[in-house]
Amino acid sequence: MLSTQRWSEQGLALLQLLLVASFSKAEERGCILMGEPEEPQLFKTGDIILGGIFSFHSSWRNIESTYLHRPLPLQCTSLNFREFQLAQAMLFAIEEINNSTDILPGIKLGYKIYDECGSTARAVRVALSLINGNEETASMSEKHCSGSVPAIIGMTSSSPCMAISTVIGPFHTPLVSHFATCACLSNKVRYPSFLRTIPSDYYQSRALAQMVKHFGWTWVGAIRSNDDYGNNGMGIFTETATQLGICLEYSLPFIRTDPPEQTQKIIKTIKGSTSKVIVAFLNPMDMDELIVAFAHHNLTGYQWVGTEGWISDSQIAIAKGHYTLDGSLGLAIKKAHVTGLREFMLDVKPLNSSGNKLFTEFWETTFGCTFNHKKQTGERLEQCTGYEDLTGIKNSFHDMSLMPIFNNVYKGVYAVAHTLHNILGCGERCSNTIASDQQVILQHLKNIRFKTKEGEEVYFNENGDPAAKYDIINWQPKKDGSVEFVTVGLFDASLPEDKQLHLDNLTLTWANNSKQVPVSVCSGTCALGTRKVLQKGKPVCCYDCIPCAEGEVSYMTDSITCVRCHPEFWSNERRDECEKKETEFLSYTEIMGAILTLSSLLGAFFTVTVAFIFFRHRYTPIVKANNSELSFLLLFSLTLCFLCSLTFIGRPSDWSCMLRHTAFGITFVLCMSCVLGKTLAVLMAFKATLPGSNLMKWFGPRRQRIVVLAFTFIQVVICIVWLTAKPPYPFKNLRHFKDKIILECALGSPIGFWAVLGYIGLLALLCFILAFLARKLPDNFNEAKFITFSMLIFCAVWMTFIPAYVSSPGKFSVAVEIFAILASSFGLLFCIFIPKCYIILLKPERNTKKNMMEKKS
C-alpha cells in the first residue's frame, strides 16, 4: 500500500514537470526528428530545394543485428552507373534553369538527392527525410514542417514509388517519376500525389497486345517480373489479349532472387511449349539473369516481344547470351535528344563536385584506382589523380542509349520549375519565398503544360500520366555479332484505335535472322467453308476446323459459325458461297414431260380419229344405236381430257394453276355425264320393251342432254366457288429437296380440290353401278359391259392416284396426276369406242340392224 502511494506521488510530479515544460514552449511549436538524420549523397543549397531519390547502388551488405543497440545504417554496394546518369540529368536540368532568365529569374534551385540502394524501406525513409527537412528540430506551420521540399524527382521502379506515394500522399508532396510505369499508379485515390513523365503500362500492355495481334500470333507464352511492374503489366496485357482473341499458353513469374529451380522450370516450360512467341514483361535486371540461362540451354529460335524495360537496353544487348534474343521486337520510349546533356555527364570533376564522396566512388570504380592511400581493399590499387581521361573509358556510363529516360528526368525537373514559376507569379523577377501549401503546388503541377527547348510538349492527364507514344524497336544482329536497335514503327495512343499502330514489315528481322514472319498459333487458320470447334479442355485458340453443314456457308476465314443460306439458295461444294437453287418443274423439254406430252397428243389424235370414223359411218346401225349425239359429245370431252393434261406441264403461273384443275374437273365431269347418259339410255331402252312401259318417252335425247348439262353445271359451280374463295396459285416448294426449288401449284383450298375429285368419283361410281345392272342385257346390243369395264379401270386408276399423289415429291406428283388423267381417258376411249371401230372397219358385215337386234343365248 505504501509502495503504491509512493509511485503515485512520483507519477504526479513527472506530469507536473512535463506540463511546465510544455507551457514554457507554448510560443514555439516545432517538429522534433525521431532517429538519426539521413545525409543526402548529393546536395546543393539554393532558394528552393528540390528532392531527388535514385538508386546509386543496386544492393547493400547485410549486417547481422545483435539487438543490443540501434541497427547500423545500410552499407550500400555495387555502384549503378545508370542511376548515376539519371542523377546527372537532374543536375543538368537544375543548372540549366539556374542559368536561364526565362524561368524562375532571380531564384536559385538547390537539391538534396538520396540513395535508396535498391531498398524500398530505405526509399520510404529518405522520402520522409525530404518532406520533413531532416533537421533535428524545425519550425512548423499549420500543416507541415517548413523544411519540406516542393517536389521529389526520381525513383526508377514501380514498387518503391507505390510505397513512397502511399506515405507522402497525405502531405500532398508531388513525386515525379521518370521510369515507374505500373498502371496501378494511375489510381489517384491511392496515389494522389504521384505523377510521371513516362507513359503508363496500361498503354504499353495494350500496344503489345495489338502488335501481337497484328502479326497473327494467337498462341504465345509470357514471362513477367514478379513485382508490381511485371504482374500489373502482364495482367493488362492478358486482359487485352483475351479481348483480341490471343491465348497465353503459359505465364511464368520470375525475379532475380528466385532459386535456380524456378529458372529451370521456366526453361523446361519453354522447351515443352508449342508457341514460338514469348512476351517478356521484365525489368532489365531480371532479363540479365535469364539470358545467361537461355544461352546455357541454347534456347534459340523463339520470337521475343519486349517492353521498354529491356528492349532498348544496350547493356543487355552486349551481355553474354544476347544472341538468344536476336530478332526481338518491342516498345521503347520515343527517341529524344537533350542538347548539352551528354557533354555535361562526361564532364565529371570528382574533387570539385557536390556530394564529393559519391563522385569520388564513381571515379575510383571507373578507373580502378583510389584517392585514399590508407584504404584497405585487399588489393594494390593505383593512386587516382582526378585528371584521368574519362572519354577513353568504355563502360555503361558512356552509353547514351537511355537518352529518352534521361529526357524524362529532365522534363520532370522542368515541370516542377514551371509550376513554381507560375505559383510565384514570376515576370522579370520572382519572390524568393514560396507558398507553404503543398496542395497548391500539386494542383498547379497537374495542370502544367509547356514545351521543352527541343519543342516537345509536356503535360499530364487527369491520372498524372503523359501522352503515350512509343517507338517499336527491332533487334537486328550485325556481322560482327553486335546488335543494332532499329526503329521499325511507332505506337501513338492519342490516335484512333485503328491508326495507333504503324509498322514497317519490310525492314524487320525475326528470330534466327529470318525474314519470314514467325507463325505462332495453336490451330491453323480455318479456311472458307469451315467453322471453329473448340478442343475440349483447351483455350479458345485451340480448335478444330469443321466443314459447314449442307445449306450453310462461312464467308471468312476463322469463322466461329456457319451462316444458313436463304431458303432459295444452297451452299456449293466448298461451302463458301450460297448459290441459287435449281428450280424444278415438269417441263416439255425433259424426257418425262415429253413422253406425257406425246401421250396426251396421241390420245387426242386417237379420239379425233375415232370421231372421224364415227362421223363417216354416222348412219350405220352401230353408230346410230344408243344416241350417237352422246357418243360425239363423249368423244369431244375425251379430247378435252387428253388436252387438259398439257396444262399441267410447263412453269406454273397464276392462270395455268387455275386452269389445270378446273379444266380437268369440268372436262372429266362432262365425260362422266356422257357415259352416265349412255348407260341410262341402255337401261331405259330395254326397260321400254316391256309391256306397258313408256320410259323412253321420259328419257329421250332431249332429256339426256339435260342430264349431261345438269351434272356438268354442278361441277362448274364447284369450280367457280373454289376459284372465288381460295384459288390455286404458283408455289415454291422448298421442303421436299434441300438443294432444289420445286415449282408447283398449291391447291389453295384443299376442300375445293377434293370436292372436284369427289364429284368425279361419285359420277364414276354411279356409272359403274348402272352399267353393272345392265350387264345381262343382249350382248350384241349391250354397251354396258364395256362401260362397266371402263369404269373399273377409271376407279382403279383414281384410287391408286390418291396415295401416289400424296406421297410423290415435286414434279412427280404432277406426273402422277397427268398419268391418271391419260390412263382413265385411254380406258374410256378403248373400252367404249374401239370395239365399235373394230366392227365398223374390220367386221362391216356385223354392222347391220338385224345383227344389232339379235339376242344371244
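Residues numbered from 1 in each chain as written. Predicted model: local features only at pLDDT ≥ 70, side-chain atom pairs only at ≥ 80, totals over all residues. Heavy atoms only, no water.

Undergrad: Got a minute to help me understand empty space enclosed by the protein in this structure?
TA: Where empty space is left becomes clear once a probe the size of a water molecule has been rolled over the atoms. One pass over the structure, following the stated rule, counts one cavity of 30 Å³ or more. Approximately 40 Å³ is the volume found for the largest cavity. The wall of the largest cavity is formed by F585, L586, F648, G650, P652, R660, L743, E744, C745 and V814. For the lining of the largest cavity, a count of residues per class yields seven nonpolar, one polar and two charged. (1 Å grid on protein atoms, 1.4 Å probe; cavity = no way out; pocket = protein on both sides within 12 Å on 5 of 7 lines; lining within 4 Å. Points joined across faces, edges and corners; volume = space filled by probe spheres on them. Nonpolar A, V, L, I, M, F, W, Y, C, P; charged D, E, K, R; others polar.)

Undergrad: Where do I start with the state of the cysteines in this structure?
TA: Cysteine pairs can be covalently joined through their sulfur atoms, and such a bond is termed a disulfide. One pass over the full model with this rule turns up nine disulfides. Covalently, C247 is tied to C541 through a disulfide, its sulfur atoms 2.1 Å apart. Taking the torsion about the sulfur-sulfur bond, which here is approximately 85°, the covalent link between C247 and C541 counts as right-handed. Here C247, found in strand β12 (residues 247-254), pairs with C541, found in the loop between β23 (530-534) and β24 (543-547); they are 294 residues apart in sequence, far enough to count as distant. (Disulfide = S-S within 2.5 Å. Helix = DSSP H or I, 4+ residues; strand = E, 2+ residues; numbered from the N terminus.)

Undergrad: Any chance you could explain the side chain of T530 here in plain terms?
TA: Inspection of the secondary structure puts T530 in strand β23. Judged by its relative accessible area of 14%, T530 falls in the buried class. Not counting the four nearest positions on each side in its chain, T530 is found in contact with C545, I546, P547, C548, S554, S559 and C562. (Buried < 20%, exposed > 50% of the residue type's maximum accessible area, 1.4 Å probe, protein only. Contact = heavy atoms within 4.5 Å.)

Undergrad: What is the right way to read the pairing of strand β31 (residues 740-746) from this model?
TA: Across the seven residues that make up β31, a large majority, six, are buried. Bridge count between strand β30 (residues 729-733) and β31: five bridges; the pairing is antiparallel. In the sheet register, P730 faces β31, and the bridge partner there is C745. In textbook terms, the turn of a hairpin is the stretch between consecutive antiparallel strands, and for β30 and β31 this stretch comprises six residues. (Pairing = 2+ DSSP bridges.)

Undergrad: I would appreciate a short explanation of the nonpolar core in the present structure.
TA: One finds L42, M90, L104, M211, F362, F397 and F406 to be the most contacted residues of the largest nonpolar core, which totals 96 residues. Contact partners of F397, with chain neighbours within four places excluded, come to F81, F84, Q85, Q88, M345, L346, V348, F362 and L390. (Core = buried A, V, L, I, M, F, W, Y, C linked by side-chain atoms within 4.5 Å.)

Undergrad: Help me understand unusual backbone geometry in this model?
TA: Residues other than glycine predominantly adopt negative phi, and peptide bonds predominantly adopt the trans conformation. Despite not being glycine, S78 has its phi angle at roughly 65°, a positive value. Position of S78 relative to the elements: it lies in strand β5 (residues 75-79). A positive phi is found at M155, a non-glycine position, where the angle reads about 75°. Residue position: M155 is located in the loop between β8 (152-154) and α4 (158-168). Looking at M155, the relative accessible area reads 1%, which means it is buried.

Undergrad: Even after reading the chapter, I still don't get the sheet that holds strand β15 (residues 329-333), so can you show me in this structure?
TA: Within a sheet, neighbouring strands are paired by backbone hydrogen bonds and run either parallel or antiparallel to one another. One open sheet holds the eight strands; their spatial order is β12-β11-β13-β14-β15-β20-β21-β22, and the pairing between them is mixed. Across the chains shown, the open sheet's two edge strands, defined by having one partner strand only, are β12 and β22 (501-503). Along the sheet, successive strands turn relative to each other by an average axial angle of 30°, direction set aside. Two elements, strand β14 (residues 303-306) and β15, share two bridges in a ladder whose sense is parallel. Counterpart to G306 in the pairing with β15 is G330. Against the sheet, helix α7 (residues 260-272) engages β11 (219-225), β12 and β13 (277-281), with an angle of about 165° to β12. (Axes fitted to C-alpha atoms, helices over the stretch in contact; angles between N-to-C directions.)

Undergrad: What am I meant to see in the pattern of salt bridges here?
TA: Close approach of charged atoms allows side chains of opposite charge to pair. Counting across every chain of the model gives 14 salt bridges. Taking the shortest distance from any N to any O, the salt bridge between K411 and E456 comes out at 2.8 Å. Separated by 45 residues along the polypeptide, K411 in helix α12 (residues 403-423) and E456 in the loop between β18 (449-451) and β19 (457-459) bring together distant segments of the chain. What makes E456 partly exposed here is its relative accessible area of 31%. (Salt bridge = Lys/Arg side-chain N within 4 Å of Asp/Glu carboxyl O.)

Undergrad: Please explain the packing of helix α14 (residues 591-616) against helix α22 (residues 811-842) as it appears in this structure.
TA: Axis angle and axis distance: for two packed helices, these are the angle between their axes and the distance between the axes, and together they describe the pair. Close contact between α14 and α22 brings their axes to 10 Å; oriented N to C, the two are set at 25°. Relative to α22, α14 is oriented roughly parallel. Crossing geometry of α14 relative to α22 is assigned as left-handed. Taking contact as the criterion, the partners of M592, L596, S599, S600, G603, F606, T607, V610, I613 and F614 in α14 are, on α22, K811, F812, A815, I818, L822, F826, L829, F833, K836, C837, I840 and L841. Grouping the constituent residues of the contact of α14 with α22 by class yields 16 nonpolar, four polar and two charged. (Parallel < 35°, antiparallel > 145°, perpendicular 65-115°, else oblique. Left-handed = near helix turned anticlockwise from the far one by under 90°.)

Undergrad: Even after reading the chapter, I still don't get a nonpolar patch on the surface, so can you show me in this structure?
TA: The grouping of L598, L602, F605, F606, F830 and I834 at the surface amounts to a nonpolar patch, some 540 Å² of accessible area in total. Counting residues per element, the ones that place at least two in the nonpolar patch are α14 and α22. Counting residues per element, the nonpolar patch draws most heavily on α14, at four residues. By secondary structure assignment, the location of I834 is in helix α22. A residue is classified by how much of its surface remains accessible, and I834, at 36% relative accessible area, is partly exposed. (Patch = residues over 30% accessible without salt bridge, like charges linked within 9 Å, V, L, I, M, F, W, Y side chains within 5 Å. Areas by Shrake-Rupley, 256 points an atom, 1.4 Å probe, with all protein chains shown as cover.)

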